[in-house]
Amino acid sequence: MSFSPLKRANAGFTLIEVMLAILLLAVLLAAAFGGIRSAVKGMAVGEDLIDRTNRLRVAQEFIRHQISRTLPLPFGQESGTGSNFLFQGEGDFMRFVAPMPGYLSDGGSYVQTLELANTRNGKQLLFGHAMLNGFDLKRLDANKAEPVILMDQVESGRFEYRKLDDKGELEDWSDDWDDPGLIPVMVRIQLKMRPEALVGWPDMEIPVVLDVGAARQSQT
């Protein structure tokens, strides 16, 4: 017995046709979901990049502001000679005295530090500060407060310093400041960021605003 075309049309869809329609719908839904997920991921990466870029800019502006305003105020004395400490500088650490921004301080001068510290995810650029009044270089634990993380995901870095020679000319950069009784005329900070940091660190060469680089603070 054969069916007429009219009867076949009224019979509805076959199982194969329904399965093909469901499969096509699933493919379209998967493609749409993948597109939405990619768009959301792209937005998140873009937001992270903007956040990291802003954080880097703020960190560099803050560091430049603090170092450039280094003051010739002693924060300790060398054992034996009694020479005043005005500036301590190593390849991954520096200590100096400068005023803090008004919104972060109670007034007066502060002993400030920058340090490259090791962590599981690379190095961190840390900033610490303590009021100069009452600061004791021999009791650092008593002065130490929780440092602020300025930048993280740092692969490597280096602090360097420059001073004037006897003729008043700039010497080469050095990562070892060997005379804490002097303040450098320039400080350089170089950092190499890890790929996941999303941003690069432009090298900073910071001149000290005050003309104290060639002046030694005499013991009082």
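Because the structure is a prediction, the values reported are computed rather than measured. (Residues numbered from 1 in each chain as written. Predicted model: local features only at pLDDT ≥ 70, side-chain atom pairs only at ≥ 80, totals over all residues. Heavy atoms only, no water.)

1. Details of the overall build of the protein
Cut-off, in case you're wondering: We count a stretch as a helix when DSSP gives it H or I for four or more residues in a row; a strand needs E for two or more, and each element gets its number in order from the N terminus. For each residue, the accessible area found with a 1.4 Å probe, counting protein chains only, is set against the maximum for its type, and the residue is called buried under 20%, exposed over 50%, and partly exposed in between. Residues count as neighbours in contact if any of their non-hydrogen atoms are within 4.5 Å of one another. Each accessible area is a Shrake-Rupley result for a 1.4 Å probe, and residues are judged covered by the shown protein chains and nothing else.
When helices and strands are tallied, the protein shows three helices and nine strands. Starting at the N terminus and ending at the C terminus, the protein contains elements arranged as α-α-β-β-β-β-β-β-α-β-β-β. Put simply, the protein has 220 residues, and 35% of those count as buried. Counting contacts in the protein only where the partners sit at least 6 residues apart, residues at least 24 apart contribute 59% of the total. Carbon and sulfur atoms provide 56% of the accessible area of the protein, an area that totals close to 14100 Å².

2. Regarding the pattern of salt bridges
In plain terms, the rule: We define a salt bridge as a side-chain nitrogen of Lys or Arg found within 4 Å of a carboxyl oxygen belonging to Asp or Glu.
Across all of its chains, the model carries 10 salt bridges by this definition. One salt bridge connects Asp152 with Arg52, and the closest N-O pair in it is separated by 2.6 Å. Taken together, the positions of Asp152 in strand E7 (residues 148-162) and Arg52 in helix H2 (residues 15-68) put the pair 100 residues apart, joining distant regions of the chain. A residue is classified by how much of its surface remains accessible, and Arg52, at 9% relative accessible area, is buried. Linking Glu155 and Lys192 is a salt bridge whose minimum nitrogen-to-oxygen distance equals 3.5 Å. Of the two residues, Glu155 is situated in strand E7 and Lys192 in strand E8 (residues 186-193); the sequence distance between them amounts to 37 residues. Judged by relative accessible area, which is 47%, Lys192 ranks as partly exposed. Connected through salt bridges with shared partners, the residues Arg158, Glu160, Asp175, Arg188 and Glu205 form a single ionic network.

3. Concerning the pairing of strand E4 (residues 93-99)
A regular strand places its side chains on the two faces of the sheet in alternate fashion. Note the threshold: Here, strands pair whenever DSSP counts at least two bridges between them.
By the criterion of burial, E4 is predominantly enclosed, with six of the seven residues buried. Counting the residues in the hairpin turn of strand E3 (residues 88-89) and E4 gives three residues. Relative to strand E5 (residues 109-119), E4 is paired through seven bridges, and the arrangement is antiparallel. Paired with Arg95 across the bridge in E5 is Thr113.

4. Notes on the sheet that holds E4
What the seven strands build is an open sheet, ordered E3-E4-E5-E6-E7-E8-E9; its pairing is antiparallel. Looking at strand neighbours, the two that pair on one side only are E3 and strand E9 (204-207), the edges of this open sheet. Where strand E6 (residues 122-131) and E7 come together, four bridges link them in antiparallel fashion. Following the sheet pairing, Leu125 is matched in E7 by Met151.

5. Re the nonpolar core
So the rule is basically this: The criterion is simple. A nonpolar core is a set of buried Ala, Val, Leu, Ile, Met, Phe, Trp, Tyr and Cys residues joined through side-chain atoms within 4.5 Å.
Of all hydrophobic cores here, the largest spans 34 residues; its most connected members are Ile63, Ile67, Met94, Leu114, Leu125, Ile189 and Trp201. Contacts of Ile189, omitting those with residues within four sequence positions, involve Ile63, Ile67, Met94, Leu114, Arg158, Phe159, Trp201, Asp203 and Met204. Membership of the second largest hydrophobic core comes to seven residues, among which are Phe85, Val111, Ala130 and Leu137.

6. Structural notes on unusual backbone geometry
Negative phi values dominate among residues other than glycine, just as trans dominates among peptide bonds. Unlike most non-glycine residues, Gln153 shows phi in positive territory, near 55°. Position of Gln153 relative to the elements: it lies in strand E7. The backbone of Leu198 sits at a positive phi, close to 75°, despite the residue not being glycine. Tracing the chain through its elements places Leu198 in the loop between E8 and E9.

7. A short note on a nonpolar patch on the surface
Put simply, the test is: Distance thresholds for patches are 9 Å for like charges and 5 Å for nonpolar side chains (Val, Leu, Ile, Met, Phe, Trp, Tyr), applied to residues having over 30% relative accessible area and no salt bridge.
A contiguous nonpolar surface patch, about 410 Å² in accessible area, is contributed by Ile16, Leu20, Leu23 and Val27. Checked against the element boundaries, Leu20 lands in helix H2. Under the relative-accessibility criterion, Leu20 is labelled exposed at 53%.

8. Quick look at a negative patch on the surface
Counted only if it meets this: In this count, Lys and Arg are taken as positive residues and Asp and Glu as negative ones, while His and the chain termini are left out. By convention, charge coordinates are those of NZ in Lys, CZ in Arg, CG in Asp, or CD in Glu.
Together, Glu90, Asp92, Glu115 and Asp176 make up a negatively charged patch on the protein surface. One can find Asp176 in the loop between E7 and E8.

9. Let's talk about the environment of Ile63
For Ile63, the location among the structural elements is in helix H2. Remark: the alpha-carbon pair of Ile63 and Leu150, spanning 87 residues in sequence, is separated by 9.1 Å. Setting aside anything within four residues of it in sequence, one finds Ile63 in contact with Leu114, Leu125, Leu150, Ile189, Trp201, Met204 and Ile206.

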